[in-house]
Amino acid sequence: MTIIPLILSGGAGTRLWPLSWGNHPKQFLPLISEKTMIQETLLRLTGLDIGNPIISCGESHRFMVAQQIGEICDKKPTILLEPMAKNTAPAIAAGCCAALKQDKDAVVVVLPSDHVIADVPAFQKAVKIAANFASKGNLVTFGIVPTFPATGYGYIKSGKQTETEDEAAVFDLDSFVEKPCLEKAQEYLACGEYSWNSGMFVFKAETFLEELTQYNPQMASLSIEAFEKAVVDTDFIRLNSEAFSQIKGDSIDYAVMEKTSKGKVVKLNAGWDDVGSWSALYDISKKDGNMNVINGDVICLDTTSSYIRGGKRTIATIGLDNVVIVDSDDSILIAAKGKIQDVKKIAEEMKKRGC
């Protein structure tokens, strides 16, 4: 069984402005280690029997993808260029077409390029279990075991337990749930039937295309057409713009997973985070004796519980608590940690200004 990574790299990551912005979204930045997030995504599969990776991205990111994947991968990647953003389902469909070119029985592991997973062995174990179920014709998603009543994540409700493999339970997929209010999130955490929606999936490429054809035939046919009429441009495959532009974009959740009868859930407890904000990055990073996370040339006096990331300039702080300071080449962010979710509004304002 060939496991083919399909890495989705089309996001903008504006909640990590000013570093993640425009042509340099967060997946191409070394936020957690010396490797970038897209590199870490592929590296955490090291040791598994995988085929040539497939990366789906936009035109403006193609050279960064080629360079960063080439630095860590001795296999030949397939880099699919999306003519425009159409959400995850069409990108995955085109990726499955590419996977079938490698192996008609290929099992695809769909991975967003901007997640953090601390326990790699636990993740790999879950991938193996999911791949085994996928090879039998199931569409598997990973449900992240929740550690607190999060209101910023979507949830997955699991149905009955169907099987146990290697001490891991596999459940029927009952439904997807939108981001809840705090009261609902507390209910979900208490009842034990809900997990966070990871956005990661495992299935046979052929099975996914069959299910997409059943539930969204227009998207399926246009996605396949966009791949079949694609143009090879040196190291890149340019999906056909005419076909792709006609697709009514949608997520894999809505287009397939909420409708299929073949859905399964593998619970994953591996230190997962989608690094959706600077405060989230603070939470998962190593702290010093003052509970600060410090990167770069930074001098702190009487500063506590803060995330401070220097750039080319020295950052000096005195008497601060619970702040986020991030310096980039052309902008600097200074915010109370409790208000950091509003950084997306700053990014929107910068876009209006043409920055």
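Scroll up to find the structure this text is about.
Counting restarts for each chain, with residues numbered from 1 along the sequence as it is written. It should be noted that, the model being predicted, local features are given only for residues of pLDDT at least 70 and side-chain atom pairs only at 80 or more, the latter also being counted only at that level, while totals for whole chains, interfaces and linings use all residues. For the side-chain quantities, the full set of heavy atoms in the structure was used; hydrogens and water were omitted.

Provide a residue-level description of the pattern of salt bridges, including the pertinent values.
Any carboxyl oxygen of Asp or Glu that lies within 4 Å of a side-chain nitrogen of Lys or Arg is treated as forming a salt bridge with it. Applying the stated criterion across every chain yields a total of 15 salt bridges. Residue Glu 59 pairs with Arg 62 through a salt bridge whose shortest N-O separation is 3.0 Å. Burial classification: accessible surface area is computed with a 1.4 Å probe over protein chains only, and a residue below 20% of its type maximum counts as buried, one above 50% as exposed, and the rest as partly exposed. Judged by relative accessible area, Glu 59 falls into the partly exposed class, the value being 34%. Here Arg 238 and Glu 59 are joined by a salt bridge, their closest N and O atoms 2.4 Å apart. Within this pair, whereas Arg 238 is found in strand β11 (residues 236-238), its partner Glu 59 is found in the loop between β2 (54-58) and α2 (62-72), the two being separated by 179 residues in sequence. The network of salt bridges with shared partners includes Glu 59, Arg 62, Asp 233 and Arg 238. Strands are runs of DSSP state E lasting at least 2 residues, helices are runs of H or I lasting at least 4, and numbering of each runs from the N terminus.

Outline the packing of aromatic side chains, listing residues and values.
Between 30 and 60 degrees the pair is tilted, below 30 it is stacked and above 60 it is edge-to-face, where a pair is any two Phe, Tyr or Trp rings, Trp via its six-membered ring, whose centres lie within 6.5 Å. One pass over the full model with this rule turns up 10 aromatic pairs. Seen in terms of ring centroids, Tyr 188 and Tyr 194 are 4.0 Å apart; in terms of plane orientation they differ by 20°. Their pairing is stacked. Judged by its relative accessible area of 10%, Tyr 188 falls in the buried class. Given the relative accessible area of 15%, Tyr 194 is considered buried. Considering the side-chain rings of Phe 203 and Phe 208, the 4.8 Å spacing of their centres and the 15° angle between planes classify their relative orientation as stacked. According to the relative accessible area criterion, Phe 208 is buried, its value standing at 0%.

Could you give me a rundown of the packing of helix α6 (residues 205-215) against helix α7 (residues 217-228), with the residues and numbers involved?
Any two packed helices are characterised by how steeply their axes cross, that is the angle between the axes, and by the distance between the axes. Axis lines are fitted to C-alpha atoms, over the contacting stretch for helices. Their N-to-C directions set the angle, which ranges from 0 to 180 degrees. Where α6 contacts α7, the two axes come as close as 5 Å, and the packing angle between them is 130°. It follows that α6 is oblique to α7 by the angle criterion. Packed against α6, whose contacting residues are Leu 212, Thr 213, Gln 214 and Tyr 215, the element α7 presents Pro 217, Met 219 and Ala 220 at the interface. Three classes are used, and their members are as follows: Ala, Val, Leu, Ile, Met, Phe, Trp, Tyr, Cys and Pro are nonpolar, Asp, Glu, Lys and Arg are charged, and the others, Gly among them, are polar. Looking at the contact of α6 with α7 residue by residue, the classes come out as five nonpolar, two polar and no charged. For this classification, under 35 degrees means roughly parallel, over 145 means roughly antiparallel, 65 to 115 means roughly perpendicular, and everything else is oblique. Whether two residues are in contact is decided by their heavy atoms, any of which lying within 4.5 Å being enough.

Let's hear about α7: which residues, and what values?
Here, expected helix span is obtained from the residue count minus one, scaled by 1.5 Å. Here α7 spans 16 Å end to end across 12 residues, near enough to the 16 Å set by a 1.5 Å rise per residue. The set of residues buried in α7 consists of Met 219, Ala 220, Leu 222, Ser 223, Ala 226 and Phe 227. Taken together, the buried residues of α7 touch β3 (78-82), α3 (88-102), α6, α8 (241-245) and α9 (252-257).

Quick one: what's the story with the side chain of Thr 260, residue by residue and with numbers?
Along the polypeptide, Thr 260 turns up in the loop between α9 and β12 (263-268). There is a polar contact of 3.0 Å between the side chain of Thr 260 and the backbone nitrogen of Lys 262. What Thr 260 contacts, discounting residues up to four positions off in sequence, is Glu 211 and Tyr 215. Polar contact is defined as a pair of N or O atoms within 3.5 Å, subject to the rule that within protein one atom must be able to donate a hydrogen and the other to accept it, and that residues adjacent in sequence are counted only when both atoms are side-chain atoms.

Just give me the short version of the sheet that holds strand β19 (residues 332-336), but keep the residues and values in it.
Should DSSP find at least two bridges between two strands, the strands are taken to pair. Read across the open sheet, the four strands follow the order β14-β16-β18-β19; overall the sheet is mixed. The open sheet has two edge strands with one neighbour each: β14 (293-295) and β19. Each strand axis lies, on average, 5° off the axis of its neighbour in the sheet, ignoring direction. Relative to strand β18 (residues 323-327), strand β16 (residues 307-309) runs parallel, the two sharing three bridges. Note on β18: the bridge partner recorded for Arg 309 is Val 326.

Residue-level account of the side chain of His 115, with values.
Checked against the element boundaries, His 115 lands in the loop between β4 (107-112) and β5 (116-117). Engagement of the side chain of His 115 in a polar contact is seen with the side chain of Trp 272, the distance being 3.0 Å. Leaving out residues up to four positions away in the same chain, His 115 has contacts with Met 37, Arg 44, Ser 198, Met 200, Trp 272, Asp 273 and Asp 274.

How would you sum up a nonpolar patch on the surface? Please name residues and give values.
Every patch collects residues that have over 30% relative accessible area and no salt bridge, joining them within 9 Å if they carry like charges and within 5 Å if they are nonpolar side chains (Val, Leu, Ile, Met, Phe, Trp, Tyr). Accessible areas in this description were obtained via Shrake-Rupley with a 1.4 Å probe; residue shielding takes into account the shown protein chains only. On the surface, Ile 299, Leu 301 and Ile 318 cluster together into a nonpolar patch covering about 320 Å² of accessible area. Position of Ile 318 among the secondary structure elements: in strand β17 (residues 315-318). A relative accessible area of 64% means that Ile 318 is categorised as exposed.

None of this, on its own, says anything about what the molecule does.
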